[in-house]
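Structural overview
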Amino acid sequence: MKGTFPVSRFQALETPFYYYDTQLLRHTLTCVRTECAKYSKYAVHYAVKANANPKLLAIIRESGLGADCVSGGEIRAAIQAGMPPQGIVFAGVGKADWEINLGLSHHIFCFNVESVPELEIIDELAGKQNTIAQVALRINPDVGAHTHANITTGLKENKFGINLNDLDMVLDKTSALKHVRLVGLHFHIGSQILDMNDFVSLCNRINEIQEHLYNRRIIVDHINVGGGLGVDYQHPNRQSVPDFASYFATFHKHLRLRPKQFVHFEPGRSIVAQCGSLISRVLYVKQGANKQFAILDAGMTDLIRPALYQAYHKIENLTSEESMEKYDVVGPICESSDVFGKAVDLNKARRGDLIAIRSAGAYGEIMASGYNCRPLPKGYTSEDFL
Ligand SMILES: *Cc1c(COP(=O)(O)O)cnc(C)c1O
């Protein structure tokens, strides 16, 4: 089954471009809100790095989500989209001074701090602005996730977060500083996680850490469990909305909270992946030695996930109903890794056919580059065609 697209409207447009189904985005946001609202004191911050297209950010803002930012540029994008600074959390291992100052001047909700040197600089800069920065310690929980190695972040060999062994020292340090206030703990174990047991492991580790803090008479107000919920790249039509019900229920069941504690979530991919597709045209069908290539006008500069993480995306020929044939679907970039899929079943392809690369709403447009001096792809929403 193929997705439904306004193909006749696409014909007039230059390719490649991203197409976002805003009805699906709104439906996904409604599901997040409904499932999250079943539990009191759960708050959701959209991870802006998944997609910062202003049209999508505006819709996400309307739904009342906060923002999870990993750079000063993302803080600006969130604020420009009208997201309130009190809903902004700011993570990242390498926050530059100007980025910290930007967060301080907007009085964002929380800095997720990843090291002692960073904590000291936030304290110093907050002192200069005569303010107090709310901080959460990002702990590296040493919990693995069953996902691709490049998108695992919560193991002790990863660069992210504060090592568990250093926690006591960092807590001492934090209480000695005058311009930071410890308000929470932050975790993020990776991305494209579909096995709820990974989140159970995270909850168990957080429970242990909370126990440790409790013994030191420390209770923080906020537990931020990060993002990472995966989507069904194989079946974008069958499962167009991720299973948010099980996701929140897993945390509700396994995370032991102290009275008055809030839980924060930072979903990125699960909000925007399925509503986006990269639309491209077939430039050439080329016969290779033992296979045929469908050469598209989109390449890894437009969507890098297959080249970067061997990621799978479903590919559909939107303008052919002829019988299925196998193709290696490739881009025009001068790199052997510029391949969207090998031995892909497509309706017989001819020059000019429109191709949809599905589930490309997250880590697609935002990661586009100008390599080979290529122009960046445009982004259209379904509302642009009304
Ligand atoms: C990337 C990231 C997220 C979002 O991850 P998804 O897998 O897209 O949900 C959330 N929090 C932090 C700190 C991140 O770096």
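As the structure is a computational prediction, the values presented were derived from the model and not from experiment. (Residues numbered from 1 in each chain as written. Predicted model: local features only at pLDDT ≥ 70, side-chain atom pairs only at ≥ 80, totals over all residues. Heavy atoms only, no water.)

With that settled, the discussion passes to the domain arrangement of the protein chain. Accessible area lost during the coming together of the parts is what is often quoted as the interface size. What the domain assignment reports for the protein chain is domain 1 (7-17 + 275-385) and domain 2 (23-269). Using C-alpha coordinates to define each centre, domain 1 is positioned 33 Å away from domain 2. The partner domain 2 presents 22 residues to the 23 residues of domain 1 that form the contact. Interface of domain 1 and domain 2: buried area, both sides summed, is about 1900 Å²; carbon and sulfur atoms make up 50% of it. Ranking the residues of domain 1 by area buried against domain 2 places Cys 275, Tyr 309 and Tyr 363 at the top, with a combined share of 30%. Seen at the junction of domain 1 and domain 2, the total is two salt bridges. For Glu 383, the salt bridge is made with Arg 26, and the minimal N-O distance between the two is 2.8 Å. There are eight residue pairs in polar contact (both at pLDDT 80 or more) connecting domain 1 and domain 2. Elements with a contribution of two residues or more to the side of domain 1 that touches domain 2: helix H11 (305-309) and strand E17 (378-381). A class-by-class count of the residues in the side of domain 1 that touches domain 2 yields eight nonpolar, eight polar and seven charged. (Domains from an automatic or database assignment. Contact = heavy atoms within 4.5 Å. Buried area = accessible area lost by both parts, 1.4 Å probe. Salt bridge = Lys/Arg side-chain N within 4 Å of Asp/Glu carboxyl O. Polar contact = N/O pair within 3.5 Å; in protein donor to acceptor, adjacent residues only side chain to side chain. Helix = DSSP H or I, 4+ residues; strand = E, 2+ residues; numbered from the N terminus. Nonpolar A, V, L, I, M, F, W, Y, C, P; charged D, E, K, R; others polar.)

With that out of the way, let us pick up helix H6 (residues 116-128). Given 3.6 residues per helical turn, the α-helix brings residues three or four places apart onto the same face. In a regular helix each residue adds 1.5 Å, so 13 residues correspond to 18 Å; H6 covers 19 Å between its end C-alpha atoms and thus fits that length. On its buried face, H6 sits against helix H5 (97-105), strand E5 (110-113), strand E6 (133-140), helix H7 (167-176) and strand E8 (180-186). One or two positions beyond H6, positive phi appears at Asn 130, with a value near 60°. (Expected span 1.5 Å × (residues − 1).)

Close to the ligand lie 14 residues, the nearest being Lys 49, Ser 191, Glu 266, Arg 269 and Tyr 363. Gly 228 has a polar backbone atom sitting 2.9 Å from an oxygen atom of the ligand. In the model, a nitrogen atom of the ligand is placed 2.6 Å from a nitrogen or oxygen of the Glu 266 side chain. Summarising the interface, the protein chains cover 95% of the accessible area of the ligand, which totals 390 Å² for the free molecule. (Near = heavy atom within 4 Å. Areas by Shrake-Rupley, 256 points an atom, 1.4 Å probe, with all protein chains shown as cover.)

What follows deals with the pairing of strand E14 (residues 324-330). Side-chain positions along a regular strand alternate between the two faces of the sheet. Of the strand pairs in this sheet, strand E12 (residues 292-296) and E14 are connected by three bridges, and their pairing is parallel. When the bridges of E14 are listed, Phe 293 appears paired with Asp 328. (Pairing = 2+ DSSP bridges.)

This next bit is on unusual backbone geometry. Geometrically, the link from Thr 15 to Pro 16 is a cis peptide bond, its omega value of -5° lying close to zero. Here Pro 16 lies in the loop between helix H1 (7-10) and strand E1 (17-20). Phi at His 107 takes a positive value of approximately 55°, unusual for a residue other than glycine. Secondary-structure assignment places His 107 in the loop between H5 and E5.

Take the environment of His 27 next. Relative to the elements of secondary structure, His 27 occurs in helix H2 (residues 22-36). Linking His 27 and Gly 227, residues 200 residues apart in sequence, is a C-alpha distance of 19 Å.

One pass over the structure, following the stated rule, counts zero disulfides. Free cysteine: Cys 36, not disulfide-bonded; nearest cysteine sulfur from Cys 31 at 12 Å. Of all cysteine sulfurs, the one in Cys 69 lies closest to Cys 110, which takes part in no disulfide; the gap is 12 Å. (Disulfide = S-S within 2.5 Å.)

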